[in-house]
Amino acid sequence: MTNFFSSNFKLGILGGGQLGKMMLYETRKYDIQTYVMDPDQDAPSRIACDFFQQGNLMDYETVYNFGKKVDVLTFEIESVNLQALVKLEEEGKKVYPSAKTLEKIQNKGRQKLFYKEKNIPTATFTRFSNKTHLTEGITSNKIKLPFVWKSTQGGYDGKGVSIIKSGADLVRLPDVECIAEELVHFKNELAVIVARTPSGEIKTYPVVEMEFHPEANQVEYVICPARIDNEIAKKAMKVAESVSRAFEHVGILAVEMFLTQDNEILVNEVAPRPHNSGHYSIEASYTNQFEQQIRAILDLPLGATESKVAGIMVNLVGKEGYDGNVIYKNIENIMKMKGVTPHIYGKKQTRPFRKMGHVTIVHEDINEARKIAERVKNTIQVISE
């Protein structure tokens, strides 16, 4: 077995945002040497890696040459040059998740077609090459209003997603390839984190429930365990495992789902990396998602996924009307609360709805934790000077 610890072994991470930074907490714990590349010279991960390189993640040569320096390469963001990953794999470099997995996920249209091909339950959809094609689809009644519009490329944190209620709503949409998805009247939005190793060991975290901000379409609260029936939770975990096996992914896969009014599970989309819906695990689980990612991609035994205690994660996002050098107003007030842990991502500049950190609340009683989470949300404010 490779000696990963206190050795010359090099783990490469494409992307140096908060997910990379939280992964680096774990590599430092195990003394694993890390190389990180990010376009931002002041990326959050910069302070915690052994070697930092500023570079364009979509540039073939830059990604390829970076990958040559490391023994295993992973990513914390899907927007990376796929062809460079393919070439590195052809030359024997270990890339996890694989280029083949990323290719199916990177484009939401391809992702949805993959679900259809593999009989994975998902909302009915139609793929359109551009805005004109979409408009024709509406006028010819190929799709019915209202529907959910999604850009196939580059959408995240609620960006690249809109509910289209009338023809007038099309005006503000960009002219890009997209999917029009049937509007699902769901009871809950759920997520399951699945971890899988190259050897095929697979472990699933408990089902979490996500509460969204109505305007920003961003997750406000992640609640673990989800407040759902045990049979539904088992069904959601089974679906998540089937998605993981279909993608043959390695590492962490976050599977976001809808629970419909008649208790069916529909897969919304996936992320092949640590994910917002798993942040609660840092304080609440036996093995947090970031350590599990490292274990999985290095083909080490996976850790226990059970929760030690109920956990709720609150996203800290930039307050509307503030732009500039960040201030975490009233942070000392939430630090006085029992079971409350803030995580600051290290982004120096705030702007409305930008993810700047998160707070975890742990408690034996999930309903009590939810009340404390509300207090936290109403107390701390991410503003600027």
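Draft legend 1. Region of interest: the environment of Val194. Inspection of the secondary structure assignment puts Val194 in strand S10 (residues 186-196). Overall, Val194 belongs to the buried group, its relative accessible area being 0%. When the C-alpha positions of Val194 and Arg46 are compared, they lie 28 Å apart, and in sequence the two are 148 residues distant. Ignoring any residue separated from it by four or fewer positions in sequence, one finds Val194 in contact with Ile202, Lys203, Thr204, Ala240, Glu241, Ser244, His249, Gly251, Ile252, Leu253 and Val255.

Draft legend 2. Representation of the sheet that holds strand S3 (residues 51-54) within the structure. Strand order in the open sheet formed by five strands is S3-S2-S1-S4-S5, and the pairing between neighbours is parallel. Across the chains shown, the open sheet's two edge strands, defined by having one partner strand only, are S3 and strand S5 (94-95). By the bridge criterion, five bridges tie strand S1 (residues 10-14) to strand S2 (residues 33-38) in an arrangement that is parallel. Residue pairing for S2: Lys10 is matched across the bridge by Gln33.

Draft legend 3. Structural detail: the pairing of strand S4 (residues 72-75). Of the two faces of S4, the one carrying Val72 and Thr74 and the one carrying Leu73 and Phe75 are both buried. Pairing of S1 with S4, which is carried by four bridges, proceeds in the parallel orientation. Among the inter-strand pairings, Leu11 is bridged to a residue of S4, identified as Val72. Sheet analysis places S4 next to S5, joined by two bridges and oriented parallel. By the bridge assignment for S5, Leu73 is matched with Val95. After leaving S4, the chain enters helix H3 (residues 82-90) and then returns to the sheet as S5, a path that is right-handed.

So, how was this worked out
- Residues numbered from 1 in each chain as written.
- Predicted model: local features only at pLDDT ≥ 70, side-chain atom pairs only at ≥ 80, totals over all residues.
- Heavy atoms only, no water.
- Helix = DSSP H or I, 4+ residues; strand = E, 2+ residues; numbered from the N terminus.
- Buried < 20%, exposed > 50% of the residue type's maximum accessible area, 1.4 Å probe, protein only.
- Contact = heavy atoms within 4.5 Å.
- Pairing = 2+ DSSP bridges.
- Right-handed = clockwise from strand over helix to strand, strands pointing away.

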